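Given next are the chains, with one letter for each unit.
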Amino acid sequence: MTDSPYLFPAADHPLLDATDRLKVREAVSGFGIALRYQERAPDPVPAPESNWCETGHSIFILAGRIRYRFDTHSVEAGPGDMLHIPAGPQHRHKPSVPGPDTVRYVLTEFE
């Protein structure tokens, strides 16, 4: 196989525990975008609320369900759904897992 700046073999990017409920496999491109595979476990009840995130994301849900809370509304997405959240304080959001299953998804991260 030829080296390419467009290919990120999973074996080169291990799945790491970011928190007790979040596992992340991350590849950072030379183009200023982070590409991540994430597994987020359901939130325990009661769970402390996460901090606001102002980073931009494009997300593709593989399995499970995820909820994003914004200042004005919430949205829930499941397998096959795609979301695009622009960067900035006006698009700040908080992710959570509303169901009993771990959500698995791929996202890009950009400023």
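Quick notes on the rules
- Residues numbered from 1 in each chain as written.
- Predicted model: local features only at pLDDT ≥ 70, side-chain atom pairs only at ≥ 80, totals over all residues.
- Heavy atoms only, no water.
- Phe/Tyr/Trp six-rings, centres within 6.5 Å; stacked < 30°, edge-to-face > 60°.
- Lys NZ or Arg CZ within 6 Å of the ring centre and 35° of its normal.
- Helix = DSSP H or I, 4+ residues; strand = E, 2+ residues; numbered from the N terminus.
- Buried < 20%, exposed > 50% of the residue type's maximum accessible area, 1.4 Å probe, protein only.
- Contact = heavy atoms within 4.5 Å.
- Core = buried A, V, L, I, M, F, W, Y, C linked by side-chain atoms within 4.5 Å.
- Polar contact = N/O pair within 3.5 Å; in protein donor to acceptor, adjacent residues only side chain to side chain.
- Patch = residues over 30% accessible without salt bridge, like charges linked within 9 Å, V, L, I, M, F, W, Y side chains within 5 Å.
- Areas by Shrake-Rupley, 256 points an atom, 1.4 Å probe, with all protein chains shown as cover.
- Salt bridge = Lys/Arg side-chain N within 4 Å of Asp/Glu carboxyl O.
- Pairing = 2+ DSSP bridges.
- 1 Å grid on protein atoms, 1.4 Å probe; cavity = no way out; pocket = protein on both sides within 12 Å on 5 of 7 lines; lining within 4 Å.
- Points joined across faces, edges and corners; volume = space filled by probe spheres on them.
- Nonpolar A, V, L, I, M, F, W, Y, C, P; charged D, E, K, R; others polar.

Draft legend 1. Molecular detail of the packing of aromatic side chains. Taken as a whole and judged by the stated rule, the model has zero aromatic pairs. A cation over a ring is seen here: Arg92 above Trp52, with NZ or CZ 3.9 Å from the ring centre.

Draft legend 2. Region of interest: the environment of Leu62. Following the sequence through the fold, Leu62 ends up in strand 4 (residues 56-63). The class for Leu62 is partly exposed, based on a relative accessible area of 40%. Considered as a pair, Leu62 and Met82 are 20 residues apart in the sequence and their alpha carbons are 9.6 Å apart. Excluding its chain neighbours within four sequence positions, the residues that come into contact with Leu62 are Tyr37, Pro79, Arg104, Tyr105 and Val106.

Draft legend 3. Representation of the nonpolar core in the model. Residues Ile59, Ile61, Ile66, Tyr68, Leu83, Val103 and Tyr105 are the most contacted members of the largest nonpolar core, which totals 14 residues. Contributing elements (two or more residues each) for this core: strand 2 (22-28), strand 4, strand 5 (66-69), strand 7 (82-85) and strand 9 (103-110). In terms of residue count, the dominant contributor to this core is strand 9 (three residues). Setting aside anything within four residues of it in sequence, one finds Ile66 in contact with Arg40, Ile61, Val75, Glu76, Ala77, Pro95, Ser96, Pro98, Val103 and Tyr105.

Draft legend 4. Focus on the side chain of Arg36. With respect to the secondary-structure elements, Arg36 resides in strand 3 (residues 34-40). Side chain to side chain, Arg36 and Glu109 meet in a polar contact 2.7 Å long. Sequence-distant contacts of Arg36, that is, excluding residues within four places in its chain, are made with Val24, Arg25, Glu26, Tyr105, Val106, Leu107 and Glu109.

Draft legend 5. How the structure looks around a nonpolar patch on the surface. Together, Phe60, Leu62 and Met82 make up an exposed nonpolar region whose accessible area comes to about 310 Å². Structurally, the position occupied by Met82 is in strand 7. Overall, Met82 belongs to the exposed group, its relative accessible area being 65%.

Draft legend 6. Broad picture of the pairing of strand 5. Judged by which residues are buried, strand 5 turns out to be one-sided: Ile66 and Tyr68 face inward and are buried, whereas Arg67 and Arg69, on the alternate face, are not. Strand direction decides the pairing type here: strand 5 and strand 6 (residues 74-77), joined by four bridges, are antiparallel. Note that in strand 6 the partner of Arg69 across the bridge is Ser74. If you look at the hairpin formed by strand 5 and strand 6, you'll find four residues sitting between the two strands. Across three bridges, the pairing between strand 5 and strand 8 (residues 94-96) is antiparallel. Directly across from Arg67, in strand 8, lies its bridge partner Ser96.

Draft legend 7. Just the layout of surface pockets, in detail. In this structure, the largest pocket occupies an estimated 640 Å³ of space. Residue assignment for the lining of the largest pocket shows that the elements contributing at least two residues are strand 3, strand 5, strand 8 and strand 9. Its residues placed into classes, the lining of the largest pocket shows twelve nonpolar, seven polar and ten charged.

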